[in-house]
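# Summary of the model geometry
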Amino acid sequence: MLTDPIADYLTRLRNAIKAKHRVVEIPASNIKKEITKVLFDKGYIQSYKFDEIGPQGIIKIALKYNAVTKQSAIVKLERVSKPGLRKYSGSSTLPRVLGGLGTVIISTSKGVMTDKEAKTLNVGGEVLCFVY
């Protein structure tokens, strides 16, 4: 049993990027599916597929690399809110990554979304991770 499945999700993505894998398979959960959708919408991953295999299911993520430099679209994934220390932020005090160039993924009462979407909807929530 994992104590932090989101950290496991981010670590699997980080390891696949370092190993230059094209596809990574991750055990599915609803929050991981929502984070995957946000990463796809923001252009950090090439594609994804949800397979309902077994009791839990699997998320297959095709990673995105630059064709010339072979560098990943994701430079850094950083977990912010942890089970031992949760980080919450209101809509007016949402953190910024690289002066607004990066993405903050937030779990709100209206679903998982980016910091920019949360500001427009005027909602705060748990700051899950930083991506850039």
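Since we're looking at a predicted model, the values are computed, not measured.

## Structural notes on the pattern of salt bridges
- Summed over all chains, the structure comprises eight salt bridges.
- Measuring nitrogen to oxygen at the nearest pair gives 3.0 Å for the salt bridge that ties Asp4 to Arg79. Here the residue Asp4 occupies a position in the segment before helix H1 (5-18), and Arg79 occupies one in strand S4 (residues 77-79), the gap between them amounting to 75 residues.
- In this structure Asp4 comes out as buried when scored by relative accessible area, which is 15%.
- Linking Lys37 and Glu34 is a salt bridge whose minimum nitrogen-to-oxygen distance equals 3.5 Å.

## Considering the packing of H1 against helix H2 (residues 30-41)
- H2 packs onto H1 with a crossing angle of 40 degrees between their chain directions and a minimal axis gap of 10 Å. As judged from the angle between their axes, H1 and H2 are oblique. Viewed along their axes, H1 and H2 form a crossing whose handedness is right-handed. Contacts between H1 and H2 involve Pro5, Ile6, Tyr9 and Leu13 on the former and, on the latter, Ile31, Lys32, Ile35, Thr36 and Leu39.

## Digging into H2
- Relative to the 16 Å expected for 12 residues at 1.5 Å per residue, H2 spans 17 Å between its end C-alpha atoms, a close match to the ideal helical length.
- Taken together, the buried positions of H2 are Lys32, Lys33, Ile35, Thr36, Val38 and Leu39.
- The positive-phi residue at the C-terminal boundary of H2 is Gly43, with phi of around 85 degrees.

## Observations concerning the nonpolar core
- Counting 25 residues, the largest nonpolar core has Leu13, Leu39, Ile61 and Ile105 as its most contacted members.
- Going through the elements one at a time, H1, strand S1 (23-27), H2, strand S3 (58-63) and strand S8 (125-131) are the ones with two or more residues in this core.
- The element contributing the most residues to this core is H1, with six residues.
- Three or more residues apiece are contributed to this core by two domains, here domain 1 (5-63) and domain 2 (77-131).
- Setting aside anything within four residues of it in sequence, one finds Leu13 in contact with Val24, Ile26, Leu39, Ile61, Leu63 and Leu77.

## Here's the deal with the packing of aromatic side chains
- In this structure the tally under the stated criterion is two aromatic pairs.
- When the ring of Phe40 is compared with that of Tyr48, the centres are 5.3 Å apart and the planes differ by 75 degrees; the resulting orientation is edge-to-face.
- Pairing Tyr48 with Phe50 gives two aromatic rings, centres 5.1 Å apart and planes at 45 degrees, and the pair type is tilted.
- These aromatic residues form a ring-pair network of at least three members: Phe40, Tyr48 and Phe50.
- The ring of Phe50 is capped by Lys33, whose NZ or CZ atom sits 5.4 Å from the centre of that ring.

## Looking at the domain arrangement of the protein
- The domains assigned to the protein are domain 1 (5-63) and domain 2 (77-131).
- A straight line from the C-alpha centre of domain 1 to that of domain 2 covers 19 Å.
- Listed by partner, the interface residues are 12 residues for domain 1 and 13 residues for domain 2.
- Of all residues in domain 1, the largest losses of buried area upon contact with domain 2 belong to Leu10, Val38 and Tyr44, amounting jointly to 39% of the total for that side.
- Across the domain 1-domain 2 interface, the total number found is three residue pairs in polar contact (both at pLDDT 80 or more).
- Counting residues per element, the ones that place at least two in the side of domain 1 that touches domain 2 are H1 and H2.

How each quantity is defined
What you see as residue numbers is a count from 1 along each chain, following the sequence as written. For a predicted model such as this one, the threshold for reporting local features is a pLDDT of at least 70, and the threshold for listing and counting side-chain atom pairs is 80 or more; totals across whole chains, interfaces and linings nevertheless cover every residue. By convention in this description, side-chain values take in all heavy atoms of the structure and omit both hydrogens and water. Salt-bridge detection follows one rule: a side-chain nitrogen of Lys or Arg within 4 Å of a carboxyl oxygen of Asp or Glu. Numbered from the N terminus, helices here are DSSP runs of H or I no shorter than four residues, and strands are runs of E no shorter than two. Per-residue accessibility, obtained with a 1.4 Å probe over protein chains only, is compared with the maximum for each type, and a residue is labelled buried under 20%, exposed over 50%, and partly exposed between these values. Orientation is described by lines fitted to C-alpha atoms, with helices fitted over the stretch in contact, and by angles between N-to-C directions that extend from 0 to 180 degrees. Should an angle lie under 35 degrees it is considered roughly parallel, over 145 roughly antiparallel, and from 65 to 115 roughly perpendicular; all remaining angles are considered oblique. Definitions for this section: a left-handed crossing has its near helix turned counterclockwise from the far helix by less than a right angle. A right-handed crossing has that turn clockwise. Note on contacts: a residue pair is in contact if any heavy atoms of the two residues lie within 4.5 Å. The span you would expect from a helix comes to 1.5 Å times its residue count less one. Nonpolar cores were defined as sets of buried Ala, Val, Leu, Ile, Met, Phe, Trp, Tyr and Cys residues, with membership established by side-chain atoms within 4.5 Å. Where each domain begins and ends is defined by an automated method or by a domain database. Pairing of aromatic side chains requires ring centres within 6.5 Å, counting the rings of Phe and Tyr and the six-membered ring of Trp. Pairs whose planes differ by under 30 degrees are stacked, by over 60 edge-to-face, and all others tilted. Consider the ring centre and the ring normal. A charge sits over the ring if Lys NZ or Arg CZ is within 6 Å of that centre and within 35 degrees of that normal. By definition, the buried area sums, over both parts, the 1.4 Å-probe accessible area that each loses when the two are put together. Polar contact is defined as a pair of N or O atoms within 3.5 Å, subject to the rule that within protein one atom must be able to donate a hydrogen and the other to accept it, and that residues adjacent in sequence are counted only when both atoms are side-chain atoms.

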